[in-house]
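Secondary and tertiary structure notes
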Amino acid sequence: MPLQELFTATMASARPLLDKFLSYPPSSKLLYSSAAFVTSYVFLYMPIRFIYRVYFDPLSEIPGPKIALVSENLNKLYWIILPWNSGTEIFNFKKWHEKYGPVVRTGPRYVSFNDIEVYNQIYKMNTRFAKSADFYNHPSADESVVETLNIKDAYARRVALAPYFSKPAVRKLEDLIQSKVTLFLNRVKEIGTNINITRGFRCLTVDIITFYSYEQSFGALSHPTFAPGWLLAFESLIDSTGVQNVFPNTFAVIGFIFEKFLPRPVVRVISPPMADILDFTDVCTRAVLSQKVKYAAGDRNMVTIFAQLFEDDPKRGRKALTDKQLTHDAISTVAAGMDTTGHALNYAIYYLTKNPDAEKRLLEELKSVMPTPTSDVKEEVLEGLPFLQACIKESLRFSHGVPGPLPRDVPAGGTTLLGYYLPGGTIVQNSAYTYHTNPTVFPNPDKWDPSRWLVKDTRDMERHFMPFSRGSRICIGMHLAEAELSVALGRFVRRFEVGLMEDVKDSDMEWRAVFVPKTRGMLRVWAKERKE
Ligand code: HEM
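Residues numbered from 1 in each chain as written. Predicted model: local features only at pLDDT ≥ 70, side-chain atom pairs only at ≥ 80, totals over all residues. Heavy atoms only, no water.

So, on to the overall build of the protein chain. The secondary structure content of the protein chain amounts to 21 helices and 12 strands. The C-alpha radius of gyration of the protein chain comes to 27 Å, within 12% of the 24 Å expected for a compact globule of 532 residues. Dimensions along the principal axes, computed over C-alpha positions, put the protein chain at roughly 100 × 55 × 55 Å. Of the contacts formed within the protein chain by residues at least 6 apart in sequence, a portion of 71% connects residues at least 24 apart. (Helix = DSSP H or I, 4+ residues; strand = E, 2+ residues; numbered from the N terminus. Rg over C-alpha atoms; globule rule 2.2 N^0.38 Å. Contact = heavy atoms within 4.5 Å.)

Laid out in structure tokens, this is it:
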């Protein structure tokens, strides 16, 4: 039968059905057409799309679990929103790499790698792999330097911040770091027992970075239990990163309504975490904008990492940051510098209490440069202590910095990695957790063992060690973090004998990834001043 006749016959037989449909009231019409749309989406479009992804897509040659190809959105809901799965995707990545090899297709457009040469190609200086909008989209920080996607814009913003974070610049912060560590240690002595050291370390790191940013710290260390309201607010903000990532627009709209139209006490009744988040944003906004006002009034002697961002940089084509960009930078530098450094210190103390031999060895080493428990010691000296540095490295290996897969977009035109062609727009992932727990490079990877860093040849471990990431988007605050870690850990261990509170469980230190690792519980310790 010719095609035209077939079409006419089909239309004729469908006509009664169509007439019946048109005779329904509008509400039924809407219901039936919605049902027809959903049915054909689920039973027709999704299966066809799945078959295309499995057999015909340019990425179809790449091994991986087929179930992950059903839907990008379902993957996100499954791994991010379901409370029991939230933050555990990267553990699964590692299992998938063990099963499928160094390259795994983890979603329709996502490919994960476990190959250090590929890592170095993606996270290198002048990379063409930009941060992916699919992840760096959190409404509370998407205009910060951390979430700036465009490579040129990110470079210009980093250049403005870089002079404040170079090694020589950090050396000039010695007095600031030492004085905050002294305050922290005095507070530890004063509290003595049941010290929430997880929050204590956060308070220490945040008081340093906020002083450097705003000429006055947030005063966190002075809080009686290391739990100022805005720190609890920050914890809510971090908890919300998954929801922000999956529903950025909804989160932004709700946040806007809550912020602009409802009094804060009302927001607190409706959603305590949202009220916390807005409180934290307010604190950061007030702090950074008051610095901007001082700068505009001609004060050029003030100490603020933001100074260069208040002005245009015509040479690099960067405009002065808007108030929103400043606020987002204020939030993200506090966030970037607080939890990461805090976690590494947390793990160091936890594992030292579990490994008395290591603690003894560290103490002996510290005594060689600090004759008494409260002796002054320069950061430069602590940097030269091999066992202290090995403890710090091993604790960074356990805390991972940002363990998540740091997704990057394959540039337009595509690229070939490990023999597989990846079209432009493919999202590549690499998880520090996978590299840091590679048993070939780090034998017995789940054992906290600082002495592994004291062997003659550490080159292979160094190659697979990336707590600060690498390349153009390497951590800006790396030197500051290293200085904080040396001074805080060295002086803490020299001054105090420390132990876990009885009810602290090993499972309290298990973590999931909410951008940074989030432990199941908090580390609580007792601390006794040493006599000698
Ligand atoms: C032990 C402590 C720290 C670790 C392990 C760490 C780790 C990292 C990692 C892995 C990244 C890359 C994130 C990504 O690609 O999405 C990063 C970025 C960043 N870090 Fe850190 N960080 C630490 C401390 C600090 C401190 C003290 C600051 C100071 C404010 C800081 C500021 C930043 C900033 C601004 C970025 C964004 C850089 C960019 O996107 O170009 N970090 N950090």
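Time to look at the site of the ligand. As a matter of local geometry, the ligand sits amid 26 residues, with Lys 131, Tyr 136, Arg 158, Arg 473 and Cys 475 nearest to it. Separating an oxygen atom of the ligand from a side-chain N or O atom of Lys 131 is a distance of 2.8 Å. Residue Tyr 136 places a side-chain N or O atom 2.6 Å away from an oxygen atom belonging to the ligand. Elements with a minimum of two residues in the shell around the ligand: α6 (151-165) and α15 (323-354). (Near = heavy atom within 4 Å. Polar contact = N/O pair within 3.5 Å; in protein donor to acceptor, adjacent residues only side chain to side chain.)

It is at 8 Å that the axes of helix α10 (residues 229-239) and helix α14 (residues 272-296) come closest, and there the two elements cross at 115°. Where α10 crosses over α14, the handedness of that crossing is left-handed. Taken together, the residues of α14 that come into contact with α10 (itself represented by Trp 230, Leu 232, Ala 233, Phe 234, Ser 236 and Leu 237) are Pro 273, Asp 276, Ile 277, Phe 280 and Val 283. (Axes fitted to C-alpha atoms, helices over the stretch in contact; angles between N-to-C directions. Left-handed = near helix turned anticlockwise from the far one by under 90°.)

In the UniProt entry, the feature "binding site: heme" (unreviewed entry) is given for Cys 475. Summarising the element assignment, Cys 475 is placed in the loop between α20 (459-463) and α21 (478-495). Overall, the relative accessible area of 33% leaves Cys 475 in the partly exposed class. (UniProt positions renumbered as here; feature names shortened; annotations may be inferred. Buried < 20%, exposed > 50% of the residue type's maximum accessible area, 1.4 Å probe, protein only.)

So, on to the pairing of strand β11 (residues 516-519). Here four bridges tie strand β10 (residues 511-514) to β11, and the two strands are oriented antiparallel to one another. Across the sheet, the residue bridging to Ala 513 is Pro 517, located in β11. Where β10 folds back on β11, the antiparallel hairpin that results is connected by one residue, among which Phe 515 adopts a positive phi of roughly 75°. (Pairing = 2+ DSSP bridges.)

It is worth spelling out the pattern of salt bridges at this point. Under the defined criterion, the tally for this structure stands at 36 salt bridges. Across the pair Arg 105 and Asp 57 runs a salt bridge whose closest N-O atoms are separated by 3.7 Å. With Arg 105 in strand β1 (residues 103-105) and Asp 57 in the loop between α2 (26-56) and α3 (72-81), the pair connects residues that are 48 residues apart, well separated along the chain. Asp 57 carries the same exposure label as Arg 105, and that label is buried. A salt bridge links Arg 264 to Asp 279, with the nearest nitrogen and oxygen atoms 2.8 Å apart. Separated by 15 residues along the polypeptide, Arg 264 in helix α13 (residues 264-270) and Asp 279 in helix α14 bring together distant segments of the chain. On the basis of relative accessible area, Arg 264 is assigned to the partly exposed category, the value being 21%. A relative accessible area of 25% means that Asp 279 is categorised as partly exposed. Here the salt bridges share partners, and the residues they tie into one network are Arg 264, Arg 268, Asp 276, Asp 279 and Asp 282. (Salt bridge = Lys/Arg side-chain N within 4 Å of Asp/Glu carboxyl O.)

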